[in-house]
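# Coordinates in review
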6 protein chains.
Amino acid sequence: MTRAMYPGSFDPVHVGHVDIVEIAAAAFDEVIVVTMYNPAKDGFFPLAQRRELLEATLGHLHNVSITSAAGLVVDAACDLGATVIVKGIRSATDLDVELQMAQTNKAVSGVQTMFVPTEPDHSFVSSRFIREIASHGGDVSALVPPLVAEALARKVSE
Amino acid sequence: MTRAMYPGSFDPVHVGHVDIVEIAAAAFDEVIVVTMYNPAKDGFFPLAQRRELLEATLGHLHNVSITSAAGLVVDAACDLGATVIVKGIRSATDLDVELQMAQTNKAVSGVQTMFVPTEPDHSFVSSRFIREIASHGGDVSALVPPLVAEALARKVSE
Amino acid sequence: MTRAMYPGSFDPVHVGHVDIVEIAAAAFDEVIVVTMYNPAKDGFFPLAQRRELLEATLGHLHNVSITSAAGLVVDAACDLGATVIVKGIRSATDLDVELQMAQTNKAVSGVQTMFVPTEPDHSFVSSRFIREIASHGGDVSALVPPLVAEALARKVSE
Amino acid sequence: MTRAMYPGSFDPVHVGHVDIVEIAAAAFDEVIVVTMYNPAKDGFFPLAQRRELLEATLGHLHNVSITSAAGLVVDAACDLGATVIVKGIRSATDLDVELQMAQTNKAVSGVQTMFVPTEPDHSFVSSRFIREIASHGGDVSALVPPLVAEALARKVSE
Amino acid sequence: MTRAMYPGSFDPVHVGHVDIVEIAAAAFDEVIVVTMYNPAKDGFFPLAQRRELLEATLGHLHNVSITSAAGLVVDAACDLGATVIVKGIRSATDLDVELQMAQTNKAVSGVQTMFVPTEPDHSFVSSRFIREIASHGGDVSALVPPLVAEALARKVSE
Amino acid sequence: MTRAMYPGSFDPVHVGHVDIVEIAAAAFDEVIVVTMYNPAKDGFFPLAQRRELLEATLGHLHNVSITSAAGLVVDAACDLGATVIVKGIRSATDLDVELQMAQTNKAVSGVQTMFVPTEPDHSFVSSRFIREIASHGGDVSALVPPLVAEALARKVSE
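The present account deals with the structure reproduced in this document. This structure is a prediction, so every number in the text was calculated from the model and none was measured. Along every chain, residues carry numbers that run from 1 in the direction the sequence is written. For naming, the first written chain is A and the first written ligand is 1, with later ones following in the order written. Selection of residues for local features in this predicted model requires a pLDDT of at least 70, selection of side-chain atom pairs for listing and counting requires 80 or more, and totals for whole chains, interfaces and linings are taken over all residues. Water and hydrogen atoms were dropped before computing side-chain values, which therefore reflect all heavy atoms in the structure.

## Quick look at the interface of chain A and chain C
Contacts are residue-level and defined by heavy atoms, with any inter-residue pair within 4.5 Å sufficient. Between chain A and chain C, the residue contacts involve five residues of the former and five residues of the latter. Between chain A and chain C lies a buried interface of about 310 Å² when both sides are counted; carbon and sulfur atoms form 84% of it. Take a side-chain nitrogen of Lys or Arg and a carboxyl oxygen of Asp or Glu: if they are within 4 Å of each other, that pair is a salt bridge. If you look at where chain A meets chain C, you find zero salt bridges. Here a polar contact means two N or O atoms within 3.5 Å. Within protein one must be a hydrogen donor candidate and the other an acceptor candidate, and residues neighboring in sequence count only if both atoms are side-chain atoms. At the boundary of chain A and chain C, one finds zero residue pairs in polar contact (both at pLDDT 80 or more). Only Asp, Glu, Lys and Arg are considered charged, only Ala, Val, Leu, Ile, Met, Phe, Trp, Tyr, Cys and Pro nonpolar, and every remaining residue, Gly among them, polar. Residues of the side of chain A that touches chain C, tallied by class, amount to three nonpolar, one polar and one charged. In this description, buried area is defined as the sum, over both parts, of the accessible area (probe of 1.4 Å) that is lost when the two are combined.

Here it is in structure tokens:
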């Protein structure tokens, strides 16, 4: 029985995240999607809304659950009993930073990271660019689940 | 139940390979180590010996089995009923090639690749350098299991 | 009036190549697709067939023409009066090699290279993998124009 | 007729920028150099001075014009009727970020990015390092047009 | 007689830094470890303590001395009469940034940078991750000299 | 007293090589330039001529000597009493391969590698491209010392 953890800030969840969760859900017995947050800093969406959008988007996957954590990813992994951390990987530059984090996490806690390549047609999607484009009134409906597109539109029109 | 496949030429198996198999064996229900060979080209060690050295090295892992295949890795995955291909990943340059192969394999067969970072202290080890150093009489005993070191010494002294 | 050249071995042309030609045709006045060949070495498809498949695939683009050349890409550029070489670019590893070639070409001939990012959903496609998969009877119809898929099937069944 | 756009903060313009503009001006019918600015944040040089230094440096190129824009680069491209965004590219690490941005921009607006390799002997030059070195009284006259060197000296002596 | 300089913020010094200093001390006649600081910004440890921890850790190397400097690394190199700057290098992404800095430094001052590969088993260690993990109560004793581990524990318990 | 070794095939020596030797000669007490050759395979230039061209090009550097070796670079280093191997480094892709070799060499022999960044304006130069361009009658006189340009012209006209 392997419990995998997929950490991220999911601010907001996008189609690339959904790909990774579906792949992890097919490969591991149980997947916990963990919204990492910084108690001292607000996100673009509040934590509760980020989690709601994840629940609405991933509710159809029966072995996936959603939670949130502050602090270190490895501490969350240990608290949740996860032995594998799943990360999406897009490019060589991503890898160098992620490899360093993965090896540090293994050295201090024994938790193993596995990298899942993003789907090619979603490989360029990032939450940061989505927030930026949506904030300027751009159309990001191809890059996020429909509910997220609506939430972005509401947030920007406020 | 996830059956993962770890393909390679394992010519010869080294400490970096052993790390990856141990990690895969802990994460997946079943792991098949597949020695890929080219029927038209001899390796440094014959296929049978490569498989024997793998068996001797990995025999202690109860959910790991050893086999061999020619042709495409994805065809082997489909034949063996494996839904995940596990690859070790050392560096950004590795990644760009592996990412391309992983996305091609997914597009033509649906089989998913996952990347496992090598252990830092084994990150530089490669079968090619081991063969090269051993052929010149160098000492590679820190880079391979003891049985492989002996096989290399015998082969080189011939 | 800018005449751009898009060199490659096109053995065979695939969907990623078609993307780049369409982008170049929209940006430059004239685009010459040049099939580079080695007189001393046969390709997978003969040169004439590679050119025919390009003609059939790109015939709808009115400012694109097809030719072939042996030797250096920069010599072909000079012979054809092209001042820009267009190259598709997929990844960081691609770039380092291409950058070196581009700077060498500029230094010895003054011809300028421009890099066009591949479309994300075709970013992993390569002629080498297509040949390999088709040779083993795999289905590559999503990666090549229909006529090329047919030519591959005929070639492999022979 | 292709109108290309070369966006940047140009704070200040340096020899590497000048290379790229000259290459773009030779390849495309029209080039608009767009000084991107953040209305909420001052630059090192004020926007007006950045534009003046660009005008003085690039005035000799008859198909180049200078303007400025806030917000998203793609929105500026659409407003200006540019169908190609030109970016200089120095290294693999540059590329991974630029590729992601280029593919995002294409997906949300259809505007195409082309990458131009920097001239080798200017490949290391960056506005950030120039500001840092000039601020500490270092000599950057080899890295910027003469007028910019003077403006930097005046600014630092204030 | 070559005097080399090893600059860093050493906040705090870790096992990867110690490797590089030992390698530099074996290769060059004299090595000056220079703690770079920003007078306008406090570090995690105060400058004086960072230097004390370096002294205590590197005191056994007879041709190594410790000092500190603000401002540009090249200015410090010139002030100290160092003709070589030594930098540790971990990965491709590191390299692209370091290469740009090295070439800028050479162009404005003539000082030469040399890159030393980190030891594989320390290749992932960074001061930033150490501070982050220690701040959350994690165990970093395998990543820093014993005195630094104690200083981190004291600092965090305050 | 540090003896450094600069290995390469130098087939032929070019301006980028000369940069690295000059930098190494300034940093280390003694530098041995070692022409690595494969007894089973001829180069473009015969070994003796490669060494003559190196002697003629580097004769002005009083602490540099020229020799040759077959087999492993680390074995040559040990035979020659060199404790440092100097390698030029051009790009991130270069680095990943060189890092692996450097760490393997250190692990099996204790010999340390140091990387020297190439001069920006020579960063794209490679012996392979020089041979290719010269073979097609191209002008490479900006990329090699004058004597090498003459040797290439003679060789190609034969």
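## Considering the relation of the copies chain A and chain B
For the pair chain A and chain B, the superposition axis carries a translation of 0.0 Å, the fit reaches an RMSD of 0.0 Å, and the rotation angle comes to 180 degrees. What the rotation and shift describe, once combined, is the action of a two-fold rotation axis. Both copies present the same face, since 100% of the interface residues in chain A are matched by interface residues at the equivalent positions in chain B. A least-squares superposition brings the copies together, and it is based on the C-alpha atoms of residues with pLDDT no lower than 70 in both.

## Digging into the relation of the copies chain A and chain C
Once turned by 180 degrees and shifted 0.0 Å along the axis, chain A lies on chain C with an RMSD of 0.0 Å. Taken together, the interface assignments show that 100% of the residues at the interface of chain A recur at the interface of chain C, consistent with an identical surface on both copies.

## What to know about the pattern of salt bridges
Residue and element names in this part refer to chain A. Inspection of the entire model under this criterion finds 36 salt bridges over all chains. Taking the shortest distance from any N to any O, the salt bridge between R50 and D11 comes out at 3.9 Å. Of this pair, R50 sits in helix α2 (residues 47–58) while D11 sits in the loop between β1 (3–8) and α1 (15–27); the two residues are 39 residues apart in sequence, bridging distant segments of the chain. Like D11, R50 is buried. Segments assigned H or I by DSSP are reported as helices when at least four residues long, segments assigned E as strands when at least two residues long, and all are numbered from the N terminus. For every residue, the accessible area obtained with a 1.4 Å probe (protein chains only) is divided by the maximum for its type, and the residue is called buried under 20%, exposed over 50%, and partly exposed between those limits.

## Concerning the pairing of strand β5 (residues 112–117) of chain E
Residue and element names in this part refer to chain E. In terms of burial, β5 is largely enclosed, as six of its six residues are buried. Bridging between strand β4 (residues 84–89) and β5 involves six bridges; their strand directions are parallel. Within the sheet, the bridge partner assigned to K87 lies in β5 and is F115. Once the chain exits β4 it traverses helix α4 (residues 92–109) before rejoining the sheet at β5, and the crossover so formed is right-handed. For two strands to be treated as a pair, DSSP must find at least two bridges joining them. Crossovers are marked right-handed if the path from the first strand over the helix to the second runs clockwise, as seen with the strands pointing away from the viewer.

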